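# What the coordinates show
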Amino acid sequence: MASIINADTSDGLKISSDTSGIIELQSGGVTKMTVNSSGVSNSGKILQVLQTIKKDTFSTTSNSYVPITGLNVSITPSATSSKILVMANVSASGSAVNIPAHVTIRRGTTYILLGDPSGSRTRTAGTHCSVYGTERQLVPMSMSALDSPNTTSATTYHVNVLVAGSYTAYVNMTPFDYDNTGYGRACSQITVMEIAG
């Protein structure tokens with residue numbers, strides 16, 4: 001049970017009380033929020049939204065994941081029960097035909113979106129590489145993850161990239177970056193939403 005404050009559509013404000021230590025806020029008899037000794041419960045509601053858009057370019061020759069400079073966002077959850085929906089769109093490619101750029105998302109030092117290990121294969125959330133005839137393509141990779149950071153401290157999510165072999169991974173530009181209208185420059189973005197738990 002709970003003490004109920006209800007904005008009734010027929011009778012106006014209605015209040016009923018008990019000794020449970022729980023308050024339910026209702027509209028038309030439907031519970032919209034619960035308050036208990038742990039605080040406010042508003043499960044499933046979006047509490048805040050933050051986004052970073054990266055418009056410049058980035059490159060790396062690293063064979064292990066490195067953060068893409070400027071493609072990160074920090075959020076401070078309002079409760080330890082909150083979940084963070086992380087969404088990213090990244091335009092990346094390797095520097096040669098059939099050379100992949102692998103991309104993933106990291107919270108602090110924890111990777112939150114990787115495939116299962118399988119032999120020597122690279123664990124990743126997404127991969128893009130040019131093939132013959134597609135050297136001008138800037139194809140964004142989309143990825144998302146629902147994370148449970150279990151903290152009320154500022155938390156930073158980074159998009160990371162690596163490249164195979166002795167090559168270069170490029171972000172927001174094609175591997176053959178000629179200065180004419182046939183080649184483009186892209187933007188990439190990362191968005192986080194705090195979802196009440």
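Structure: see above.
Residues numbered from 1 in each chain as written. Predicted model: local features only at pLDDT ≥ 70, side-chain atom pairs only at ≥ 80, totals over all residues. Heavy atoms only, no water.

### Digging into the overall build of the protein
- Scanning the protein for helices and strands turns up 0 helices and 16 strands.
- The C-alpha atoms of the protein give a radius of gyration of 23 Å, which is well past the 16 Å a tight globule of 197 residues would have.
- Its C-alpha atoms give the protein principal-axis dimensions of roughly 70 × 40 × 25 Å.
- By the burial criterion, 39% of the 197 residues in the protein qualify as buried.
- In the protein, the share of contacts with a sequence separation of at least 24, taken over all contacts with a separation of at least 6, comes to 70%.
- Entry remark: accessible area of the protein is about 10600 Å², with carbon and sulfur atoms responsible for 50%.
- Each charge sign in the protein was given a centre, from 12 positive and 11 negative side chains, and these centres are 7 Å apart. (Helix = DSSP H or I, 4+ residues; strand = E, 2+ residues; numbered from the N terminus. Rg over C-alpha atoms; globule rule 2.2 N^0.38 Å. Buried < 20%, exposed > 50% of the residue type's maximum accessible area, 1.4 Å probe, protein only. Contact = heavy atoms within 4.5 Å. Areas by Shrake-Rupley, 256 points an atom, 1.4 Å probe, with all protein chains shown as cover. Lys, Arg positive; Asp, Glu negative; His and termini not counted. Charge placed at Lys NZ, Arg CZ, Asp CG, Glu CD.)

### Looking at the side chain of Arg106
- Tracing the backbone shows Arg106 in strand E10 (residues 101-107).
- Although Arg106 lies buried, it forms no salt bridge, and the closest oppositely charged side chain, Asp147, sits 11 Å away as judged by the N-O distance.
- At 2.6 Å, the side chain of Arg106 forms a polar contact with the backbone oxygen of Gly108. (Salt bridge = Lys/Arg side-chain N within 4 Å of Asp/Glu carboxyl O. Polar contact = N/O pair within 3.5 Å; in protein donor to acceptor, adjacent residues only side chain to side chain.)

### Describing the packing of aromatic side chains
- Scanning the model with the defined rule gives 2 aromatic pairs in all.
- Between Tyr65 and Tyr111 the ring centres are 5.6 Å apart and the planes differ by 45°, which places this aromatic pair in the tilted class. Taken together, the residues Tyr65 in the loop between strand E7 (58-60) and strand E8 (66-75) and Tyr111 in strand E11 (residues 110-111) connect sequence positions 46 residues apart.
- Classification of Tyr65 by relative accessible area gives buried; the value is 14%. (Phe/Tyr/Trp six-rings, centres within 6.5 Å; stacked < 30°, edge-to-face > 60°.)

### Things to note about the side chain of Gln26
- Mapped onto the fold, Gln26 is located in strand E3 (residues 23-27).
- Setting aside residues up to four positions removed in sequence, Gln26 forms contacts with Ile4, Ile5, Asn6, Ala7, Thr31 and Lys32.

### Section: the pairing of E3
- For strand E1 (residues 3-8) and E3, the ladder comprises 5 bridges, and the chain directions are parallel. Its bridge partner being in E3, Ser3 is matched across the sheet by Ile23.
- Relative to strand E4 (residues 30-36), E3 runs antiparallel, the two sharing 5 bridges. Note on E4: the bridge partner recorded for Glu24 is Thr34.
- Linking E3 back to E4 in an antiparallel pair, the connection comprises 2 residues, with Gly28 at a positive phi of about 60°. (Pairing = 2+ DSSP bridges.)

### Observations concerning the pairing of strand E13 (residues 140-147)
- Across the two faces of E13 the burial differs, with Met141, Met143, Ala145 and Asp147 buried and Pro140, Ser142, Ser144 and Leu146 not buried at all.
- Sheet analysis places strand E9 (residues 83-94) next to E13, joined by 8 bridges and oriented antiparallel. Paired with Asn89 across the bridge in E13 is Ser142.

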